[in-house]
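# Structure at a glance
As a plain string of letters, each chain reads:
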Amino acid sequence: MNVESSFAITSQTDRNNTVKLEGKDIFLENSGEGWGWPEFMPLSELHDPTKGYIVDDTCIITVEVTCWMKEEEDTTLKENDPAEVPEAKRTKIKDERQ
């Protein structure tokens, strides 16, 4: 499975001040591998009131994940006509919560 993802925290006092990480990964079936980032931002920066990431106990986090995988080849199609076999199936999920 192919995955593209992004994770962002946006300042509520300065919308131009956003910490964002993006990644692209390929996961093999039954590999048991995880994903993510070993470091995003220091907690001291997240909790710094002058940065504005947390206001009134609220933090704005934006996560986008796009996953796709090749579909199994349909054996009823002719092998010499690859245009008839779909290359990928994509699903995009976007959820913004406060």
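Coordinates for the structure precede this section.
Now for a quick tour of the structure. (Residues numbered from 1 in each chain as written. Predicted model: local features only at pLDDT ≥ 70, side-chain atom pairs only at ≥ 80, totals over all residues. Heavy atoms only, no water.)

## Section: the pairing of strand 1 (residues 2–10)
In the case of a regular strand, side chains alternate between the two sheet surfaces. Direction of pairing for strand 1 relative to strand 2 (residues 18–26): antiparallel, over a ladder of nine bridges. Note on strand 2: the bridge partner recorded for V3 is D25. The pairing of strand 1 with strand 4 (residues 58–69) spans nine bridges and is classified as antiparallel. In the sheet register, I9 faces strand 4, and the bridge partner there is I61. (Pairing = 2+ DSSP bridges. Helix = DSSP H or I, 4+ residues; strand = E, 2+ residues; numbered from the N terminus.)

## Focus on the environment of N17
Along the chain, N17 turns up in the loop between strand 1 and strand 2. Classification of N17 as partly exposed rests on a relative accessible area of 26%. Along the backbone, N17 and G52 are 35 residues apart, and their C-alpha atoms lie at a distance of 9.0 Å. When neighbours within four sequence positions are excluded, N17 is seen to be in contact with I9, T10, S11, K51 and Y53. A polar contact is formed between the side chain of N17 and the side chain of Y53, at a distance of 3.1 Å. (Buried < 20%, exposed > 50% of the residue type's maximum accessible area, 1.4 Å probe, protein only. Contact = heavy atoms within 4.5 Å. Polar contact = N/O pair within 3.5 Å; in protein donor to acceptor, adjacent residues only side chain to side chain.)

## Topic: the environment of T58
Here T58 lies in strand 4. Along the backbone, T58 and Q12 are 46 residues apart, and their C-alpha atoms lie at a distance of 9.1 Å.

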